[in-house]
Amino acid sequence: MPPKDLILGFDTSAAHCAAALISGDRVLVQKFEPMQKGQAERLVPLLQEVMDEGGSDWSDLSAIGVGIGPGNFTGIRISVSAARGLALALDIPAVGVSGFEAQAYGQKKPVYSIIDAHRNQIYLQKIGENTVAEPQLLAREQKKFLKSEQVVGTSLEDSLPNICLPAFPLAVAIAYLAAKRYRTQQARPAPLYIRAADAAPPRDPAPVILP
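Nothing here was measured: the structure is a model prediction, and the numbers come from that model.

Asker: I'd like a description of the pairing of strand 3 (residues 26-34), backed by residues and values.
Answerer: With eight bridges connecting them, strand 2 (residues 16-23) and strand 3 associate as antiparallel partners. Its bridge partner lying in strand 3, A20 is registered against Q30. In this structure, the hairpin formed by strand 2 and strand 3 is closed by a connection of two residues, where G24 is found at a positive phi of approximately 65 degrees.

Asker: Any chance you could break down the nonpolar core for me, citing the residues and the numbers?
Answerer: L8, F10, L21, L43, L61 and I64 are the most contacted members of the largest nonpolar core, which has 25 residues in total. Elements that contribute at least two residues to this core include exactly strand 1 (6-11), strand 2, helix 1 (39-53), strand 4 (63-67) and helix 2 (73-90). Among the elements that take part in this core, helix 2 stands out by supplying six residues, more than any other. Counting residues in each nonpolar core, the second largest holds 18 residues, with A20, A102, A175 and Y176 among its members.

Asker: Tell me about helix 2, and name the residues and values.
Answerer: Its 18 residues give helix 2 an end-to-end C-alpha distance of 26 Å, which sits within 8% of 26 Å, the value for a rise of 1.5 Å per residue. Looking at the buried side of helix 2, the elements it contacts are strand 1, helix 1, strand 4 and strand 5 (94-97). Residue N72 occupies the N-cap position of helix 2, its side-chain oxygen lying 3.0 Å from the main-chain nitrogen of T74. Just beyond helix 2, the residue with positive phi is D91, at close to 55 degrees.

Asker: Go over helix 1 with me, naming the residues and quoting the values.
Answerer: Across its 15 residues, helix 1 extends 20 Å between first and last C-alpha, which sits within 8% of the 21 Å expected from 1.5 Å per residue. If you check which residues of helix 1 are buried, you get Q39, R42, L43, L46, L47, V50 and M51. Down the axis of helix 1, the buried side of the element spans an arc of 165 degrees, and every buried residue falls inside it. Exposed residues on helix 1 whose side chains face more than 90 degrees from its buried face are E41, V44 and D52.

Thresholds, definitions, all that
- Residues numbered from 1 in each chain as written.
- Predicted model: local features only at pLDDT ≥ 70, side-chain atom pairs only at ≥ 80, totals over all residues.
- Heavy atoms only, no water.
- Pairing = 2+ DSSP bridges.
- Helix = DSSP H or I, 4+ residues; strand = E, 2+ residues; numbered from the N terminus.
- Core = buried A, V, L, I, M, F, W, Y, C linked by side-chain atoms within 4.5 Å.
- Buried < 20%, exposed > 50% of the residue type's maximum accessible area, 1.4 Å probe, protein only.
- Expected span 1.5 Å × (residues − 1).
- Contact = heavy atoms within 4.5 Å.
- Polar contact = N/O pair within 3.5 Å; in protein donor to acceptor, adjacent residues only side chain to side chain.
- Arc of directions from axis to C-beta.

And the structure:
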């Protein structure tokens, strides 16, 4: 019997470093470390730990899945850049997966996927079986229209009685979705930015992530 595809998924789109290694339907290793800062220094060592604990070499990987946001601007760029660099070095596909898709994975569709955008706002996207609406940035008070809808997310549990938690940990869902998609042609992962950056732009332009 041929070996199962080995997929590494990871995410740094919020105050965490998350990673998972899957083989077929099996989750070999998963890690989630809350952190407000330091993702850039922690991500690669964390990925190496996941590979080591899974008893795998980097050359064993079939594909990489990476969270593309929405979320923290710097965090998203850290993981997307790492995924694209690893994919290039290993000559394997890298698949970008949004936080909306990861939360909705394994849920009955259609479902509204919600991510906390802070500043009394939420990110929201409606995901159907074969259709995906454009993501939105809404004020929290606009969540009232969701009270009769199927909702999934990790925030707003206290204010929406019908909200359910994601079926899988974030990095695991990212890896599963990457496993389903990597054999078809995929655009290189790119950050999903819905809201403009908070910080003022520096005098020198930042490095550009190529399309």
